[in-house]
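Here are the chains, one letter per residue:
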2 protein chains.
Amino acid sequence: MNFFVPVGISNRHLHLSKEDLAKLFGENYSLTPIKDLTQKGQFAAKETVSLQTPKGELPNVRILGPTRPETQIEISMTDGFKLGIQAPIRESGQIQGSPGITMKGPLGSVVINQGVIIASRHIHIDEADAKKYNVTNGQIVAVSTDGPRGMIFKNVVIRVRHDFVTDFHIDTDEANAAGLKNGDQVKVITEEIHIP
Amino acid sequence: MNFFVPVGISNRHLHLSKEDLAKLFGENYSLTPIKDLTQKGQFAAKETVSLQTPKGELPNVRILGPTRPETQIEISMTDGFKLGIQAPIRESGQIQGSPGITMKGPLGSVVINQGVIIASRHIHIDEADAKKYNVTNGQIVAVSTDGPRGMIFKNVVIRVRHDFVTDFHIDTDEANAAGLKNGDQVKVITEEIHIP
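Computed from a prediction, not measured in an experiment: that's the story for all the values here.

1. Notes on the overall build of chain A
Next, step 1: Tallying secondary structure elements over chain A gives four helices and 15 strands in all.
Next, step 2: Taking 196 residues into account, the globule formula puts the C-alpha radius of gyration at 16 Å, and chain A, at 18 Å, falls close to it.
Next, step 3: Counting only C-alpha atoms, chain A reaches 55 × 35 × 30 Å along its principal axes.
Next, step 4: Per-residue burial for chain A yields a buried fraction of 52% across its 196 residues.
Next, step 5: Of all intrachain contacts in chain A linking residues separated by at least 6 positions in sequence, the fraction that spans at least 24 positions is 66%.
Next, step 6: Accessible area for chain A stands at about 9,300 Å²; split by element, carbon and sulfur atoms hold 49% of it.
Next, step 7: Of the charged side chains in chain A, 21 are positive and 22 negative; the average position of the first set lies 3 Å away from that of the second.

Set out below in structure tokens:
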């Protein structure tokens, strides 16, 4: 069954471990929420860091809270070219073997040996919607958009969780390539598309 | 009939009129070719300019030669956000009503009142290939790519000319969103795609 979901666009951001937060901002430092995100309990923090490589720098990269067990940095492929690093396209949490980077905060720098990924696009969906639309966790679907830059995204993973808010999560490259804005409605296609 | 074409990726660049070239670099200045482009007679010049708006700046934007009747600047949507301007998605040459910008060169600045566009994706094809694949100038096709970021680009315009070199022309946002590199082979779909 096809259905529509709103678009949620992620700009480059990072999630910090407690340890890295302490090194960058001080012992027992607490992030300052400035905006709730669509997913419950997640927030954009006032705090930012600079990402640095020998080839380039991205200043003022937003930290999302709360802290996580491992530091993870999500950039676009465009950002990767600027930094001169080849980040792999991964699901959140899958940072094994990804490139490291230097993070610079007000109290100093932290070098991580891995943690920089390009988030693979996915659909968050709550359990009630999953049941209603007959999709399951891990299912691969396609997403179709219209307009002058209309496209069909293949290989979109469905992620079901009781506390997820339903949305199609993409990065800025994908949003700009398709001419999509936050909140635009896109069509999820659960059946196989026949290419003539 | 479906067929394959190689990808050609355009980074941000500009084409200058003779008049604007003279204002930026001096009377009777000649651009210095450093690299031939795929399309015959076109070249990347050594010379660059800085693009400036009240909201941002893009330094070192490459000039492509030779000069053209009208100055035209082609940026990505990502660049547009950085500059704080909303450039329309247009075919090359269709600059009517597009935003202007300030160009800064070694001899001074030039303000243009229009000329900044996001180039709409298209396929260049020479007349022999067009005949062979049974496509015509202006025809709308789709392009399908594979891989983790595989996608189907809808609304791709075919442009036929005897001196064109066959390629699928996209910008950096589209290339990065699809994980494409220069020279990658992509599938052109001339029949309608049935979405279930």
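2. Side note on the interface of chain A and chain B
Next, step 1: Facing 35 residues of chain A, the contacting portion of chain B comprises 35 residues.
Next, step 2: Across the chain A to chain B interface the summed buried area is about 2,800 Å²; carbon plus sulfur atoms make up 55%.
Next, step 3: Considering only the surface of chain A that becomes buried against chain B, Arg149(A), Asn176(A) and Pro196(A) emerge as the three largest contributors, covering 24% of it.
Next, step 4: Viewed at the interface, chain B and chain A are joined by six salt bridges.
Next, step 5: When the shortest N-O distance is used, the salt bridge between Glu174(A) and Arg149(B) registers 3.5 Å.

3. Let's talk about the relation of the copies chain A and chain B
Between the two copies of the chain lies a relationship made up of a rotation around an axis and a movement along it.
Next, step 1: Rotating chain A by 180° and moving it 0.0 Å along the rotation axis overlays it on chain B with an RMSD of 0.0 Å. Here the transformation between the copies is reduced to the relation of a two-fold axis.
Next, step 2: Taken together, the interface assignments show that 100% of the residues at the interface of chain A recur at the interface of chain B, consistent with an identical surface on both copies.

4. Remarks on the domain arrangement of chain A
Size of an interface: often given as the accessible area lost when the parts come together.
Residue and element names in this part refer to chain A.
Next, step 1: Here chain A is partitioned into domain 1 (3–7 + 121–189) and domain 2 (11–119).
Next, step 2: Taken together, the contacts link 11 residues of domain 1 with 12 residues of domain 2.
Next, step 3: Of all residues in domain 1, Arg 159, Val 165 and Asp 173 bury the most surface against domain 2, accounting for 41% of the area lost on that side.
Next, step 4: Connecting domain 1 to domain 2 are one salt bridge.

5. Let's talk about helix α1 (residues 18–25) of chain A
Each α-helix turn comprises 3.6 residues. Residues three or four places apart therefore point the same way.
All names here are of chain A.
Next, step 1: Among all positions in α1, only Asp 20, Leu 21, Ala 22, Leu 24 and Phe 25 are buried.
Next, step 2: Looking at the buried residues of α1, the elements they touch are β4 (43–52), β5 (57–65), β8 (101–105) and β9 (108–112).
Next, step 3: Just past α1, the residue Gly 26 takes up positive phi, approximately 120°.

6. A few points about the pairing of β9(A)
Residue and element names in this part refer to chain A.
Next, step 1: Pairing of β8 with β9, which is carried by five bridges, proceeds in the antiparallel orientation. Opposite Lys 104, over in β9, you have Ser 109 as the bridge partner.
Next, step 2: Where β8 folds back on β9, the antiparallel hairpin that results is connected by two residues.

7. Points about the nonpolar core
Next, step 1: If you look at the biggest cluster of nonpolar residues, it comprises 44 residues, and the most contacted ones within it are Ile123(A), Phe153(A), Phe168(A), Ile123(B), Phe153(B) and Phe168(B).
Next, step 2: Setting aside residues up to four positions removed in sequence, Phe168(A) forms contacts with Val5(A), Pro6(A), Val7(A), Gly8(A), Arg121(A), His122(A), Ile123(A), Val143(A), Phe153(A), Val156(A) and Val186(A).

What counts, and where the lines are drawn
Residues numbered from 1 in each chain as written. Chains lettered and ligands numbered in written order. Predicted model: local features only at pLDDT ≥ 70, side-chain atom pairs only at ≥ 80, totals over all residues. Heavy atoms only, no water. Helix = DSSP H or I, 4+ residues; strand = E, 2+ residues; numbered from the N terminus. Rg over C-alpha atoms; globule rule 2.2 N^0.38 Å. Buried < 20%, exposed > 50% of the residue type's maximum accessible area, 1.4 Å probe, protein only. Contact = heavy atoms within 4.5 Å. Areas by Shrake-Rupley, 256 points an atom, 1.4 Å probe, with all protein chains shown as cover. Lys, Arg positive; Asp, Glu negative; His and termini not counted. Charge placed at Lys NZ, Arg CZ, Asp CG, Glu CD. Buried area = accessible area lost by both parts, 1.4 Å probe. Salt bridge = Lys/Arg side-chain N within 4 Å of Asp/Glu carboxyl O. Least-squares fit on C-alpha atoms with pLDDT ≥ 70 in both. Domains from an automatic or database assignment. Pairing = 2+ DSSP bridges. Core = buried A, V, L, I, M, F, W, Y, C linked by side-chain atoms within 4.5 Å.

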